[in-house]
Amino acid sequence: MATNVNAEALKESPIPEVAAHTGKQTVDPYNVSGGVDANGVQLAIDYSKLIEEFGTKKIDQPLLERFERLTGKKPHRFLRRGIVFSHRDFELILDRYERGEPFFLYTGRGPSSDSVHVGHTVPFEFTKWLQDTFDVPLVIMLTDDEKYLFSEKRTIEEVQGYCSTNAKDIIAIGFDPAKTFIFSDFDFVGGAFYRNIVRLSKHITLNQARAIFGFNESTNIGRIHFGSIQGATSWASSFPHIFGADEKKTTKIPALIPCAIDQDPYFRMTRDVSARIQHAKPSLIHSKFLDALQGPGTKMSASVDESAIFMKDTPKQIQNKINKHAFSGGKETEEEHRRLGGDTSVDVSYQYLRFFLEDDDELEKIRVSYEAGELLTGQLKAICIRELQAYVSGFQERRAKVTDETVAHFMDRRPLQWVGNPRVTIVVPQIVDGEAAAGEGGDGKMTKNQLKKLEKQKQLEAKKLQKQKEKEEAAAAAAAAAAAAGKEA
Ligand code: TRP
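Report follows, based on the coordinates. (Residues numbered from 1 in each chain as written. Predicted model: local features only at pLDDT ≥ 70, side-chain atom pairs only at ≥ 80, totals over all residues. Heavy atoms only, no water.)

## Topic: the nonpolar core
What counts is decided by this rule: To form a nonpolar core, buried Ala, Val, Leu, Ile, Met, Phe, Trp, Tyr and Cys residues must be joined to one another through side-chain atoms within 4.5 Å. For every residue, the accessible area (1.4 Å probe, protein chains only) is compared with the maximum for its type, and the residue is labelled buried under 20%, exposed over 50%, or partly exposed between those bounds. Helix and strand definitions here come from DSSP, where helices need a minimum of 4 consecutive H or I residues and strands a minimum of 2 consecutive E residues; each element is numbered from the N-terminal end. Contacts were defined at the residue level, with two residues in contact if any of their heavy atoms lie within 4.5 Å.
Val118, Phe134, Ile322 and Tyr352 are the most contacted members of the largest nonpolar core, which totals 70 residues. The dominant element in this core, judged by the number of residues it contributes, is helix H21 (residues 377-400), at eight residues. For Tyr352, the contacting residues outside a window of four places in its chain are Leu290, Asp291, Ala292, Leu293, Met300, Ile309, Ile322, Cys384 and Leu388. Counting residues in hydrophobic clusters, the runner-up holds 35 residues, among them Ile197, Ala236, Ile253 and Ala255.

Structural data, given as structure tokens:
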């Protein structure tokens, strides 16, 4: 009995036998499946079990509270709702933020097709929010080589073609061009990056790669090596145009990697090697998967139209898909539903609202009323349709503005500009107009001019924050006064 719902992934997997014959939960970069029960029914992924098996930490309330104290920002709804649920050493990144020390964000995508669905946007939405929150550089890796190596049929030309359309979709999420570098492996491998790839590969044995990824004797050696490419991107020293060329300094700058939990094996391996070669270990922050329309345990597929809401779907298509295909936790008849209530834990429309509806109070009202049988499935679907239409059309508006020139700019090897924590004095310089590339990058000393410029930038940023805070407080006070007046009247 095949247990992996994604037949395509199964075909391309180096270890299909694991997922196919045990019926057990399998989550790695090439297989994502919750397994099957005794009757062959697909099961939802057990994420607590993953935390245990992978040895990661759960994102808990104290961590979120500390995050809010340090950044002055309410945690993203993905964090509040346990959608971004697990981490490795995220607290070390917060320590650095607190002290004004540098770190950067790293995420990526395998350009395997032109069809981007809502599930793909989840880690990117979250990454954009982290970039806005921390004000740090971000590198986005497009693994065209991976998608070629892990497919029997894709050609190099094909995956390279997907790179530019995928880059446009990624840019449309709203990344800041001054702080974001996007690259494709086929273009960027070489120089400092290649040196790191080889450093990493030298420290991984075939036995380790087999244990981590399940490779076997018939796996092509490109696949076996690929992990060192995805891993080497975690090292700041791979990007001298951003962090400077002095490895004594750049090896101390860690990455924070927001990713779906299936990517963890790559970085477990990278963290091991980092420790051995005295490079800062990357930290990770993991997200869950968005179920396919067919319900818990099913997976959105770029090649199956009715499995997902795609970012190019029209409002009408979204409406039809949700109404026709979204798995419902409601009861068979209206009478029964009103008597017994619906099950939000399996209801796809409700689950999508958890991902995309910002307002906590509204979401809670929907949950209570659906479970009480007051809100009917059709009504719940209508709310979900409205939210998804708004999300997708917002994306489409931004996507329409992204040109080939925009892509070329994001992919240009250039210095980036960022400020970091505006509340603390700068510890580490950024590269100003490429000056640092000439020997003053990383943690090094800055010229007086650079320092002055940065200090000014910081002060401006702090002023902006203060103003915004005052504005918010005034608005809140006004709202409270209006509410009080309303009550009296
Ligand atoms: N391997 C990922 C994929 O197939 C792409 C990727 C590369 C990535 N580097 C990453 C994803 C870092 C998350 C974080 O989609």
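## Some words on the sheet that holds strand S5 (residues 104-109)
To keep it simple, the criterion reads: Here, a strand pair is defined by DSSP locating no fewer than two bridges between the strands.
The strand order across the open sheet formed by seven strands is S3-S4-S9-S8-S5-S6-S7, and the pairing between neighbours is mixed. A strand with exactly one partner marks an edge of an open sheet, and here the two such strands are strand S3 (57-58) and strand S7 (180-184). One ladder, built from five bridges, connects strand S6 (residues 138-142) with S7; its direction is parallel. In the strand pairing of S7, Met141 is matched with Phe183.

## Notes on the packing of helix H13 (residues 221-232) against helix H16 (residues 264-276)
As a reminder of what qualifies: Working convention: axes come from line fits to C-alpha atoms, limited for helices to the stretch in contact. Angles between N-to-C directions cover 0 to 180 degrees. Oblique is the label for any angle not covered by the other classes, which are roughly parallel (under 35 degrees), roughly antiparallel (over 145) and roughly perpendicular (65 to 115). Any residue outside Ala, Val, Leu, Ile, Met, Phe, Trp, Tyr, Cys, Pro, Asp, Glu, Lys and Arg is labelled polar, Gly included; the first ten of those are nonpolar and the last four are charged.
Closest axis-to-axis distance for the H13/H16 pair is 9 Å, and the angle between their directions is 75 degrees. As judged from the angle between their axes, H13 and H16 are roughly perpendicular. Where H13 approaches H16, its residues Phe226, Gly227, Ser228, Gln230 and Gly231 are matched on the opposing element by Tyr266, Phe267, Met269 and Thr270. In terms of residue class, the contact of H13 with H16 is made up of four nonpolar, five polar and no charged.

## Comments concerning a nonpolar patch on the surface
Heads up, the condition is: Patch membership needs two things, relative accessible area over 30% and no salt bridge, and members are linked within 9 Å if like-charged or within 5 Å if nonpolar (Val, Leu, Ile, Met, Phe, Trp, Tyr). Here, Shrake-Rupley sampling with a 1.4 Å probe gives the accessible areas, and only protein chains in the shown set may cover a residue. Just to be clear on terms, a salt bridge is a Lys or Arg side-chain nitrogen sitting within 4 Å of an Asp or Glu carboxyl oxygen.
Where nonpolar side chains cluster on the molecular surface, the patch consists of Tyr148, Ile156 and Phe186 and spans about 230 Å² of accessible area. Turning to its location among the elements, Tyr148 is positioned in helix H8 (residues 144-149). The class of Tyr148 is partly exposed, set by a relative accessible area of 35%.

## Description of the pairing of S6
Filter applied, for reference: For a crossover, the right-handed case is the one in which the path from the first strand over the helix to the second runs clockwise, viewed with the strands pointing away from the viewer.
Of all five residues in S6, five are buried; the element is thus mostly enclosed. In terms of strand pairing, S5 meets S6 through five bridges, oriented parallel. Bridge pairing links Thr107 to Ile140 in S6. In this region the chain leaves S5, passes through helix H7 (residues 118-134) and returns to the parallel neighbour S6; the handedness of that crossover is right-handed.

## A closer look at the pairing of strand S4 (residues 84-88)
The element S4 is extensively covered by neighbouring structure, given that five of its five residues are classed as buried. Pairing of S4 with strand S9 (residues 283-287) involves four bridges; the strand directions are antiparallel. From the neighbouring strand, His87 faces S9, where its bridge partner is Ile285.

## A word on the site of the ligand
Note the following rule: Whether a residue is near a molecule or strand depends on its heavy atoms: it is near if one of them lies within 4 Å of it. In the analysis that follows, any N or O atom pair within 3.5 Å is treated as a polar contact, provided that within protein one partner can donate a hydrogen and the other can accept it, and provided that, for residues neighboring in sequence, both atoms belong to side chains.
In the region of the ligand, 14 residues are neighbours, and Tyr106, Gly110, Glu146, Gln230 and Gln263 sit closest. At a separation of 3.0 Å, an oxygen atom of the ligand approaches a polar backbone atom of Gly110. Gln230 is positioned with one of its side-chain polar atoms (N or O) 2.9 Å from a nitrogen atom of the ligand. In isolation the ligand has 370 Å² of accessible area, and contact with the protein removes 89% of it. Elements represented by at least two residues in the shell around the ligand include exactly S5, H8 and strand S8 (255-260). Ranked by the residues each element gives to the shell around the ligand, the list is headed by S5, at four residues.

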